[in-house]
Amino acid sequence: HETHWRLAFLHNTSFGDTSPKGLAFARLLGYNAGYLQDHPELWWRGCGWAPETPLFNQDLLSAADRAGFAIMLPAPSVCHLGTAVFEDAAVRKDFDREMDLHMRRYRNHPSVLSWIVGMNSVGFAKEAIHPTNMGQREVKRITSGQGKAVAVACEIAQAHDPSRLAYSHADG
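Residues numbered from 1 in each chain as written. Predicted model: local features only at pLDDT ≥ 70, side-chain atom pairs only at ≥ 80, totals over all residues. Heavy atoms only, no water.

Colleague: Just to check I follow, could you spell out the packing of aromatic side chains for this structure?
Modeller: Each pair of aromatic rings is reported with the distance of its centres and the angle of its planes. Under the defined criterion, the tally for this structure stands at one aromatic pair. Ring centres 5.8 Å apart and planes at 70 degrees place the aromatic pair Phe56 and Tyr106 in the edge-to-face group. Here Phe56 is found in the loop between strand E2 (33-35) and helix H3 (58-67), whereas its partner Tyr106 is found in helix H5 (residues 89-106), with 50 residues between them in sequence. A residue is classified by how much of its surface remains accessible, and Tyr106, at 0% relative accessible area, is buried. (Phe/Tyr/Trp six-rings, centres within 6.5 Å; stacked < 30°, edge-to-face > 60°. Helix = DSSP H or I, 4+ residues; strand = E, 2+ residues; numbered from the N terminus. Buried < 20%, exposed > 50% of the residue type's maximum accessible area, 1.4 Å probe, protein only.)

Below you can see the structure in the form of structure tokens.
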């Protein structure tokens, strides 16, 4: 079935209120899907002040489940780990464990449509976000460096939850 999404960045749309009340406000504005990001610094590569994976509001996710409001939920981020996720076996093992714990906590919410493993961590190359290139994987971008780290993080996420999309925002 064809669907039409009106996507909101919930933290901004609901004036910072990522509670069921904020979700109700976003719905009143006509949104039916949204990014959930209670911890904006989480996604930015190189920001040493926010390396943890946050816990998300279960009441909000349950309200989204009941309302049929789609959520794109951050998963453990690869932004801070970089190439260590595929170069260092101990880091990969820890990332895999963190991903498993995260998925167990949130995967029973039908409102969660996808997992976001990073944001803007590969770079702001225009070709990565140009409409004609979106959704396409360029071999040169995912075989080394941070591009490969994102690809590995997506593989790990999908190994724990193959029913949902895993991606990195604005990384091509």
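Colleague: How do you make sense of the packing of helix H2 (residues 20-28) against H3 when you look at a structure like this?
Modeller: When two helices pack together, their arrangement is captured by the angle between the axes and the distance separating the axes. H3 packs onto H2 with a crossing angle of 35 degrees between their chain directions and a minimal axis gap of 8 Å. Touching Pro20, Leu23 and Arg27 of H2 are Asp59, Leu60, Ala63, Ala64 and Ala67, all from H3. Grouping the amino acids of the contact of H2 with H3 by side-chain chemistry returns six nonpolar, no polar and two charged. (Axes fitted to C-alpha atoms, helices over the stretch in contact; angles between N-to-C directions. Contact = heavy atoms within 4.5 Å. Nonpolar A, V, L, I, M, F, W, Y, C, P; charged D, E, K, R; others polar.)

Colleague: Could you clarify how one ought to interpret the nonpolar core in this entry?
Modeller: Generally speaking, nonpolar side chains in soluble globular proteins are found buried as a group. Membership of the largest hydrophobic core comes to 28 residues, with the highest contact counts inside it found for Leu61, Leu73 and Met99. Mapped onto this core, the elements with two or more residues apiece are H3, strand E3 (70-74), H5, strand E4 (112-119) and helix H8 (145-160). The greatest single-element share of this core, amounting to seven residues, is contributed by H8. Counting residues in hydrophobic clusters, the runner-up holds six residues, among them Tyr35, Ala70, Met72 and Ile116. (Core = buried A, V, L, I, M, F, W, Y, C linked by side-chain atoms within 4.5 Å.)

Colleague: Is there a simple way to think about the pattern of salt bridges in this case?
Modeller: Opposite charge on two side chains makes pairing possible when the charged atoms of those side chains draw close. Under the criterion given, the structure shown has two salt bridges. Across the salt bridge formed by Asp100 and Arg104, the nearest N and O atoms sit 2.9 Å from each other. Taken as a pair, Asp100 and Arg104 lie in helix H5 at a separation of four residues, close to a single helical turn. Between Asp161 and Arg164 there is a salt bridge whose closest N-O contact spans 2.6 Å. A relative accessible area of 5% places Asp161 in the buried class. (Salt bridge = Lys/Arg side-chain N within 4 Å of Asp/Glu carboxyl O.)

Colleague: What should I look at first to understand the side chain of Gln146 in this one?
Modeller: Note that Gln146 resides in helix H8. Polar side-chain contacts of Gln146 include one of 3.5 Å to the backbone oxygen of Val78. (Polar contact = N/O pair within 3.5 Å; in protein donor to acceptor, adjacent residues only side chain to side chain.)

Colleague: Would you explain H8 in this entry?
Modeller: At 3.6 residues per turn, the α-helix brings residues three or four places apart onto the same side. Here H8 contains 16 residues, and its C-alpha end-to-end distance of 23 Å stays within 8% of the 22 Å for a straight helix at 1.5 Å per residue. Residues of H8 that are buried: Gln146, Gly147, Ala149, Val150, Val152, Ala153, Cys154, Ile156, Ala157 and His160. (Expected span 1.5 Å × (residues − 1).)

Colleague: I'm lost on a nonpolar patch on the surface in this one. Help?
Modeller: Together, Phe25, Leu28 and Leu29 make up a nonpolar patch on the protein surface, roughly 300 Å² of accessible area in all. As for its placement among the helices and strands, Leu28 is situated in helix H2. (Patch = residues over 30% accessible without salt bridge, like charges linked within 9 Å, V, L, I, M, F, W, Y side chains within 5 Å. Areas by Shrake-Rupley, 256 points an atom, 1.4 Å probe, with all protein chains shown as cover.)

Colleague: Honestly, the environment of Val85 in this entry has me stumped. Any pointers?
Modeller: As for its position among the elements, Val85 is in helix H4 (residues 84-87). Judged by its relative accessible area of 0%, Val85 is buried. Considering only alpha carbons, one finds Val85 and Gln146, 61 residues apart in sequence, at a separation of 9.6 Å. Leaving out residues up to four positions away in the same chain, Val85 has contacts with Val78, Val91, Arg92, Phe95, Ala149, Val152 and Ile156.

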